[in-house]
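The chain contents come next:
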Amino acid sequence: MILALETSCDETAAALVTNAGEILANVVASQADLHARYGGVVPEVASRRHLELVMPVVREALGERTLDDVDRVAVTRGPGLIGALLVGLQAAKVIAWARRLPFVPVDHLHGHIASLYLQPEPLEPPFLCLLASGGHTLLLDVQEHARYRVLGTTLDDAAGEAFDKGARLLGLGYPGGAAIDRLAGEGDPDAFSFPVARVPGLDFSFSGVKTALLYVARDLDGELDRRRADLAAGYQRAIVRALVERTTEAAEAIGAEKVAVVGGVAANSALRAALAGATFAPLALCTDNAAMIGSAARFAEAVPYPRYLGLDAYASSG
Ligand code: KG4
Ligand code: ZN
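Scope of this entry: the structure provided in the associated data block. (Residues numbered from 1 in each chain as written. Chains lettered and ligands numbered in written order. Predicted model: local features only at pLDDT ≥ 70, side-chain atom pairs only at ≥ 80, totals over all residues. Heavy atoms only, no water.)

A separate point is the site of ligand 1. Taken together, 18 residues are adjacent to ligand 1, and Gly-134, Gly-135, Asp-164, Asp-181 and Asp-288 come closest. Asp-164 is positioned with one of its side-chain polar atoms (N or O) 2.6 Å from an oxygen atom of ligand 1. In isolation ligand 1 exposes 560 Å². Once the protein is present, 89% of that is buried. Of all the secondary-structure elements, those providing two or more residues to the shell around ligand 1 are helix H4 (108-114), helix H5 (159-169) and helix H6 (177-184). For the shell around ligand 1, the class distribution of residues is five nonpolar, ten polar and three charged. Composition of the shell around ligand 1 by domain shows at least three residues from each of domain 1 (2-118 + 287-310) and domain 2 (127-257). (Near = heavy atom within 4 Å. Polar contact = N/O pair within 3.5 Å; in protein donor to acceptor, adjacent residues only side chain to side chain. Areas by Shrake-Rupley, 256 points an atom, 1.4 Å probe, with all protein chains shown as cover. Helix = DSSP H or I, 4+ residues; strand = E, 2+ residues; numbered from the N terminus. Nonpolar A, V, L, I, M, F, W, Y, C, P; charged D, E, K, R; others polar. Domains from an automatic or database assignment.)

Another aspect to go through is unusual backbone geometry. Note the cis peptide between Pro-125 and Pro-126, where omega equals 5 degrees. Topologically, Pro-126 is positioned in the loop between H4 and strand E6 (127-132). The residue after Tyr-174, namely Pro-175, is reached through a cis peptide bond having omega -15 degrees. Looking at the secondary structure, you find Pro-175 in the loop between H5 and H6. Of note in this structure, Arg-100 is not a glycine but carries a positive phi near 55 degrees. Tracing the backbone through its elements, the reader meets Arg-100 in the loop between helix H3 (82-98) and strand E5 (103-107). A residue is classified by how much of its surface remains accessible, and Arg-100, at 60% relative accessible area, is exposed. In this structure, Asp-221 takes a positive phi of about 50 degrees despite not being glycine. By the secondary structure assignment, Asp-221 is in the loop between helix H7 (207-220) and helix H8 (224-254). (Buried < 20%, exposed > 50% of the residue type's maximum accessible area, 1.4 Å probe, protein only.)

Relative to each other, H5 and H7 sit at 10 degrees, their axes nearing to 10 Å. It follows that H5 is roughly parallel to H7 by the angle criterion. Each of Lys-165, Gly-166 and Leu-169 in H5 lies in contact with H7, whose residues at this interface are Lys-210, Leu-213 and Leu-214. Looking at the contact of H5 with H7, its residues break down into three nonpolar, one polar and two charged. (Axes fitted to C-alpha atoms, helices over the stretch in contact; angles between N-to-C directions. Parallel < 35°, antiparallel > 145°, perpendicular 65-115°, else oblique. Contact = heavy atoms within 4.5 Å.)

Note on the zinc ion (ligand 2): its protein donors are His-108 (NE2), His-112 (NE2) and Asp-288 (OD). The metal-donor distances range over 2.0 to 2.1 Å. Angles of 95 to 134 degrees at the metal separate the four donor atoms of the zinc ion (ligand 2), which places the site in the tetrahedral class. A relative accessible area of 5% means that His-108 is categorised as buried. (Donors = N, O, S within 2.8 Å, 3.2 Å for Na, K, Ca; no water. Tetrahedral: all angles 85-135°; square planar, octahedral: opposite > 155°, others 65-115°.)

Moving on, we come to the packing of aromatic side chains. In this structure the tally under the stated criterion is six aromatic pairs. Both rings, one in Phe-194 and one in Tyr-235, keep their centres 6.1 Å apart while their planes meet at 90 degrees; by these two values the pair is edge-to-face. One end of the pair, Phe-194, is in the loop between H6 and H7; the other, Tyr-235, is in helix H8, and 41 residues separate them in sequence. Note on accessibility: Phe-194 and Tyr-235 belong to one class, buried. Here Phe-204 and Phe-206 contribute two aromatic rings whose centre-to-centre distance is 5.9 Å and whose plane-to-plane angle is 15 degrees, an arrangement assigned as stacked. Relative accessible area serves as the criterion here: at 2%, Phe-204 is assigned to the buried category. With relative accessibility at 2%, the residue Phe-206 sits in the buried group. Ring-pair connections join several aromatic residues into one group, and the members of that group are Tyr-117, Phe-127 and Phe-299. (Phe/Tyr/Trp six-rings, centres within 6.5 Å; stacked < 30°, edge-to-face > 60°.)

Coordinates in, geometry out; function isn't part of it.
Have a look at this one:
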């Protein structure tokens, strides 16, 4: 059994996952409310909150079980907010060290991909993976469970970031992806047309569409309130269209037979409808969680006791 922790951004999470990929417990304490009034995650506030929540969340994940039942401890090592990562990393080290358990450092992106490897319907590589979250937008050629190649990435904002910034412009609060999704359902996606930048290769660019929304919203002025749903629908359509186009192109480019979508934006209902043939991560595993980290740990190398004590976190990939 693997005990996994995840604290890379504003979710404090712990999970118990078996070697076969069954989720026994998956606890996520979101700090979203805490950061909402700032309109985004405040790193120092996040670190402090992780510190308060990490042990209660681990205890809740263990439930009736004890650390006697655990044979490996996994944790997100990066990328993410460095102070937030360090809280989870140190907590995991202490737990593993106290029990002389092996330790599995996990890359957060590998974690998102591994959300597809859990029971009851694990996806087998190879597949093309669109990873779209608040911090990343990547097209990945996943060749084996723990081996993948980056085909494309965003040149500016991540897709989730574009949703969040759009939501902020529309006065929908933080984080705004789910709010845009909901409101778009009541709007007409053809009422406004937002341009989708097409950059060379298999990369993405979302800063233009955000600026376009800003200008349209500004011109509407007093009418903004009445047109909010239409704006949300048009804006969402533009982002989803860009994601779908590039994903389809990438699938053709590598001759992928399977396409999968993971990360917070994979929860988007319009994206799920537009890529109906693709495998989507289960809704509960789209946004950050520790079950996906435990899942990735099954395919990553464990560091034996006590060699992991000196491991550091990393804020960015590469
Ligand atoms: O994977 P995640 O929890 O965090 C990162 O690793 O970045 O993704 C969070 C992102 C946020 O930007 C949030 O607005 C977006 O996922 N999101 C959505 C939806 N639910 C969450 N975006 C669009 N539609 C949704 N339903
Ligand atoms: Zn994430």
